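Below are the chains, spelled out letter by letter.
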Amino acid sequence: MLIRFSIENWMSFYTKATFSLIASRERQHGKRIPKIDKFNLGVLPVAAIYGGNASGKTNLFKALHFAKGLIVKGSQPYSLIAVDTFRLGNSQTMEPPAYFDFELLIDETIYAFSFSVNRKAILEEKLVHISGNSEKILYHRVSGKPNFHSSLIKNQSLLFAFKGTRDNQLFLTNAVSQKIDIFKPVYNWFKDTLELIAPDSRFDPFEQFLDEAHPLYATMNKMLSQLDTGISHLGMEEILFENLPLSEPIKMKLREELAEGMTVRLLAEPMNERFIVTRKNGELTSKKIITYHVNSDGTETKFDMRQESDGSQRIIDLLPAFLELSAAQSKKVYVIDEVDRSLHILLIRRLLEEYLSKCSYNSRSQLLFTTHNVLLMDQELLRRDEMWIAERNAQGISSLLSFSEYKDVRYDKDIRKSYLQGRLGGVPRILLQPFRAEEN
């Protein structure tokens, strides 16, 4: 689970901004708050971030995307790091580095991982193991020099890996690539637990839900029909690899790089058709995702994905996320930017209600999302500490504030009216004057 995330000098977040998922003392919806007994801590299973356009909501999402990419994929030798710092400061002064700080719950253990970075190098990096009331700094890298915990200082593999870590590379990333398992839980959290879905994300890994043997296959198709999409179920249709509507360079790359037993998911623009390509017994096989609709006589008609509405396609993209979040023993953390894009406000509320109904004392999944949907700004649905505002000031600097920090936001208050009136911030400052026709 994500406990806390802080950023500084990233895009519009110039000063340090902290997004905390630690539950306050509020009692509302308390039965669905996961509890970490070892730390006497409650961690929120959901958080909604509101704000006007260009307030910083998407920049927060991009910060997570950048951090995940740098940790999991790393950087190329001699390449610059694609860090995007604040651009509206004093151009005469030296540009400070961007700073990222994560506090993570991994298998009932808390890790704090932080790093500061500019375009040329990692300037500082630290990994801390937190156990009860004690903290153990596993390593602290400053200005290219290592500082290992006493229990690790004689580990020759660590020292060797550190010497081989480039200036533009995280030590965490290189250590895991060198098969040093002690840091692998943190690396794997970013690789396998943290899932990011952008507004234009298409065809996330849901081919497993097309397998009739999958335990969630029936649930996926049942929900599709219940959400007024008109779709009775999804299916797959074989298609010759050579007939895929892909460019020849992409096909060549698949022929050369797709290993035996591997599967990739492809989206053919601008038709929005989704394909699965697998190498089996040395041959490339491909299938197309299709939908089925029921006719008035009970028979079914097949549709290509491009024939479905944008809203239905968005539901198909998001449903696997909600199903994974709600699954027993799930530890997934989904972050969805503009969760309500192309979806009716009642539909996304229903999906959210379904997920929250599965949350409990022992659950460990999380859903974080940005939205403009004020129908979700309802204390019957979300707690005050689960609703956040992203606000941008006159200097173009974004900040984050939880509704629980507002003194006048009571547990029984309809906060939508206050929000839309601008009393809580996070709404656009519209300066456009009314149009008046010129007089002759």
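Per chain, residues are indexed from 1 in the order of the written sequence. Only residues with pLDDT of at least 70 get local features here, since the model is predicted, and only at 80 or more are side-chain atom pairs given and counted; chain-wide, interface and lining totals rely on the full set of residues. Hydrogens and water are ignored here; the side-chain numbers use all heavy atoms of the structure.

Caption draft 1: Layout of the packing of helix α7 (residues 310-326) against helix α8 (residues 345-358). Lines fitted to the C-alpha atoms define the axes, with helices restricted to the stretch that makes contact. Angles between their N-to-C directions range from 0 to 180 degrees. Only DSSP runs of H or I with at least four residues qualify as helices, and only runs of E with at least two residues qualify as strands; both kinds are numbered from the N terminus onward. The N-to-C vectors of α7 and α8 enclose an angle of 15°; their axes lie 9 Å apart at closest approach. Considering the angle they form, α7 stands roughly parallel to α8. By crossing handedness, the relation of α7 to α8 is classed as right-handed. In this structure, α7 contributes Ile315, Leu319, Phe322, Leu325 and Ser326 to the contact, and α8 contributes Leu347, Ile348, Leu351, Leu352, Glu354, Tyr355 and Lys358. Think of it as three bins: nonpolar holds Ala, Val, Leu, Ile, Met, Phe, Trp, Tyr, Cys and Pro, charged holds Asp, Glu, Lys and Arg, and polar takes everything else, Gly as well. Broken down by class, the residue content of the contact of α7 with α8 amounts to 9 nonpolar, 1 polar and 2 charged. When an angle is under 35 degrees it counts as roughly parallel; over 145 it counts as roughly antiparallel; between 65 and 115 it counts as roughly perpendicular; any other value is oblique. By definition, any crossing whose near helix is turned counterclockwise from its far helix by less than a right angle is left-handed, and any crossing with a clockwise turn is right-handed. What makes two residues a contact is simply this: any of their non-hydrogen atoms within 4.5 Å.

Caption draft 2: Geometry of the pairing of strand β9 (residues 134-142). Looking at chain direction, strand β8 (residues 122-131) and β9 are connected through 8 bridges and run antiparallel. Across the sheet, residue Glu125 finds its bridge partner in β9, namely Arg141. In short, DSSP must find at least two bridges between two strands for them to pair. Counted along the chain from β8 to the antiparallel partner β9, the turn is 2 residues long, and its residue Gly132 has a positive phi close to 60°.

Caption draft 3: View of the packing of helix α1 (residues 57-72) against helix α4 (residues 184-193). The interhelical angle for the contact between α1 and α4, taken along N-to-C directions, is 125°, at an axis separation of 10 Å. With respect to α4, the axis of α1 lies oblique. Crossing handedness for the pair α1 and α4: left-handed. From α1, Lys68, Ile71 and Val72 reach across to α4, where they touch Tyr187, Phe190 and Lys191.

Caption draft 4: Just the environment of Leu318, in detail. Its location among the elements puts Leu318 in helix α7. Along the sequence, Leu318 and Ile348 sit 30 residues apart, while their C-alpha atoms lie 10.0 Å from each other. Setting aside anything within four residues of it in sequence, one finds Leu318 in contact with Ile197, Ile336, Val339 and Leu343.

Caption draft 5: Structural detail: the side chain of His293. By the secondary structure assignment, His293 is in strand β14 (residues 283-294). In protein, a polar contact requires one atom able to donate a hydrogen and another able to accept it; more generally it is a pair of N or O atoms within 3.5 Å, and residues adjacent in sequence count only if both atoms are side-chain atoms. A polar contact is formed between the side chain of His293 and the side chain of Glu308, at a distance of 2.6 Å. Sequence-distant contacts of His293, that is, excluding residues within four places in its chain, are made with Thr229, Gly230, Ile231, Ser232, Thr299, Glu300, Thr301, Phe303 and Glu308.

Caption draft 6: Inspection of the sheet that holds strand β2 (residues 17-20) at higher detail. What the 6 strands build is an open sheet, ordered β2-β1-β6-β7-β8-β9; its pairing is antiparallel. Of all the strands in the sheet, just β2 and β9 have a single pairing partner and so form its edges. The mean angle between the axes of side-by-side strands here comes to 10°, regardless of whether they run parallel or antiparallel. Contacting β1 (2-8), β6 (98-106), β7 (109-117) and β8, α1 runs over the sheet at an angle of about 95° to β7.

Caption draft 7: Region of the structure containing the packing of aromatic side chains. Pairs were defined over the aromatic rings of Phe, Tyr and Trp, the Trp ring being its six-membered one, requiring ring centres within 6.5 Å. Orientation was assigned from the angle between planes: stacked under 30 degrees, edge-to-face over 60, tilted for the rest. Under the counting rule described, the total for this entry stands at 16 aromatic pairs. Consider the rings of Tyr139 and Phe183, whose centres lie 5.2 Å apart with planes at 65°: the pair is edge-to-face. Highlighted residues: Tyr139 in strand β9 and Phe183 in the loop between α3 (171-177) and α4, separated in sequence by 44 residues. The residues Tyr139 and Phe183 share a single accessibility class, namely buried. Buried residues are those whose accessible area, probed at 1.4 Å on protein chains only, stays under 20% of the maximum for their type, while exposed residues exceed 50% and partly exposed ones sit between those limits.

Caption draft 8: Molecular detail of α7. Between the first and last residue of a helix there are one fewer steps than residues, each counted as 1.5 Å, and that sum is the expected span. Between its first and last C-alpha, α7 extends 24 Å over 17 residues, near the 24 Å set by a 1.5 Å rise per residue. The sharpest bend along α7 measures roughly 30° and falls at Leu318, with the proline Pro320 sitting one to four residues further on. Most of α7 is tucked away: 14 of the 17 residues are buried. Note that bend, as reported per residue, equals the angle between axes fitted to the 7 residues terminating at that residue and the 7 residues originating from it.

Caption draft 9: Looking closely at unusual backbone geometry. With a phi close to 55°, Asn281 is a non-glycine residue in the positive phi region. Along the polypeptide, Asn281 turns up in the loop between β13 (273-280) and β14. Given a relative accessible area of 68%, Asn281 falls into the exposed group. Even without a glycine there, the phi angle at Gln329 is positive, about 70°. Examined against the element boundaries, Gln329 turns out to sit in the loop between α7 and β16 (333-336).

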